[in-house]
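Letter by letter, the chains look like this.
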Amino acid sequence: MKVVVCAMFMGEFNHTIDAKGRLIVPSKFREKLGEEFVVTKGLDDCLFVYPLDEWAHIEEAFRKVPLTNKKARDFVRFFFAGAASCEVDKQGRILLPANLRSYAGLEKEIVSAGVLNRVEIWDKEKWEKSNDIADMDGIADYMAELGVSI
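What counts, and at which threshold
Residues numbered from 1 in each chain as written. Predicted model: local features only at pLDDT ≥ 70, side-chain atom pairs only at ≥ 80, totals over all residues. Heavy atoms only, no water. Helix = DSSP H or I, 4+ residues; strand = E, 2+ residues; numbered from the N terminus. Rg over C-alpha atoms; globule rule 2.2 N^0.38 Å. Buried < 20%, exposed > 50% of the residue type's maximum accessible area, 1.4 Å probe, protein only. Contact = heavy atoms within 4.5 Å. Lys, Arg positive; Asp, Glu negative; His and termini not counted. Charge placed at Lys NZ, Arg CZ, Asp CG, Glu CD. Pairing = 2+ DSSP bridges. Axes fitted to C-alpha atoms, helices over the stretch in contact; angles between N-to-C directions. Patch = residues over 30% accessible without salt bridge, like charges linked within 9 Å, V, L, I, M, F, W, Y side chains within 5 Å. Areas by Shrake-Rupley, 256 points an atom, 1.4 Å probe, with all protein chains shown as cover. Salt bridge = Lys/Arg side-chain N within 4 Å of Asp/Glu carboxyl O. Parallel < 35°, antiparallel > 145°, perpendicular 65-115°, else oblique. Left-handed = near helix turned anticlockwise from the far one by under 90°.

K.L.:
I would appreciate a short explanation of the overall build of the protein in the present structure.
P.N.:
Each helix and strand counted, the protein has six helices and eight strands in total. When the helices and strands of the protein are listed from N to C terminus, the series reads β-β-α-β-β-α-α-β-β-α-β-β-α-α. Over its C-alpha atoms the protein spans a radius of gyration of 17 Å, differing by no more than 12% from the 15 Å that the globule rule assigns to 150 residues. Across its three principal axes, the protein shows a C-alpha extent of roughly 45 × 40 × 40 Å. When burial is assessed residue by residue, the protein has 31% of its 150 residues classed as buried. Across the protein, the fraction of contacts at a sequence separation of at least 24, relative to all contacts at a separation of at least 6, is 60%. One way to put it: in the protein the 21 positive side-chain charges average out to a point 7 Å from where the 25 negative ones average out.

Structural data, given as structure tokens:
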């Protein structure tokens, strides 16, 4: 039996963003992201962070999307136009571009969360609101209908 090891991200880390827009990348995430990675607009008003190999898979998948589909074009613009390559400095920080900080409402308190194949960067208040889920049992039932159970 062959075991495939992939970069899976998990965990939640609280940090602050400085006045210049620099954010510490948790060392646990840096190990899997590498020295350079891609940050883009995510869903739910957060940022998505992908290692370069995962980003390459995403690019390949989107190359197959027909440009004749308006919703597909809109999503491709949303996802790729705001994307930025980020490099970690000697202090373990990245400089988040102003357009991405503005999109996600990142001002001071930040949460970096590992979510399977990506890291999400959230404004702390938005993160707490998004995780205040009253009907987790209902969501678990929905996930089971999708074929995912724990």
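K.L.:
What's the story with the sheet that holds strand β1 (residues 9-16) in this structure? I'm lost.
P.N.:
Working definition: the strands of a sheet are paired by backbone hydrogen bonds and lie parallel or antiparallel to each other. Taken together, the six strands give an open sheet; going across it, the order is β1-β7-β8-β4-β3-β5, and neighbouring strands pair in antiparallel fashion. Strands at the two margins of the open sheet, each flanked by one partner only, are β1 and β5 (84-87). Ignoring which end each strand starts from, the neighbouring axes of this sheet average 25° apart. Pairing of β1 with strand β7 (residues 109-116) involves eight bridges; the strand directions are antiparallel. When the bridges of β7 are listed, Gly-11 appears paired with Gly-114. The strands touched by helix α2 (residues 52-63) within the sheet are β3 (36-41) and β4 (47-51), with β4 carrying the most contacts at an inclination of about 105°.

K.L.:
Looking at this model, I keep getting lost on the environment of Ala-113. Mind explaining?
P.N.:
The topology assignment puts Ala-113 in strand β7. C-alpha separation for the pair Ala-113 and Pro-26, spaced 87 residues apart in sequence, amounts to 9.7 Å. Ignoring sequence-local partners within four residues, the contact set of Ala-113 consists of Gly-11, Glu-12, Phe-29, Arg-118, Val-119, Glu-120 and Trp-127.

K.L.:
Sorry, what's going on with unusual backbone geometry here?
P.N.:
One can expect most non-glycine residues to show negative phi and most peptide bonds to be in trans. Phi is positive for Asp-44, close to 65°, though the residue is something other than glycine. Secondary-structure assignment places Asp-44 in the loop between β3 and β4. According to the relative accessible area criterion, Asp-44 is exposed, its value standing at 61%. The phi angle at Leu-116 is positive, at roughly 60°, despite the residue not being glycine. Position of Leu-116 among the secondary structure elements: in strand β7.

K.L.:
Please explain a nonpolar patch on the surface as it appears in this structure.
P.N.:
Taken together, the side chains of Ile-133, Met-136, Ile-139, Tyr-142, Met-143, Leu-146 and Val-148 present a nonpolar region at the surface, about 620 Å² in accessible area. Within the secondary structure, Val-148 sits in the segment after α6 (136-145).

K.L.:
Help me understand the packing of α2 against helix α3 (residues 70-81), please; the structure alone is not making it clear to me.
P.N.:
What describes two packed helices is the angle between their axes and the distance between those same axes. It is the contact of α2 with α3, at a shortest axis distance of 12 Å, that shows an interaxial angle of 155°. Judged on the interaxial angle alone, α3 and α2 are roughly antiparallel. As α2 runs across α3, the sense of the crossing is left-handed. On α3, the residues touching Trp-55, Ile-58, Glu-59 and Phe-62 of α2 are Phe-75, Val-76, Phe-79 and Phe-80.

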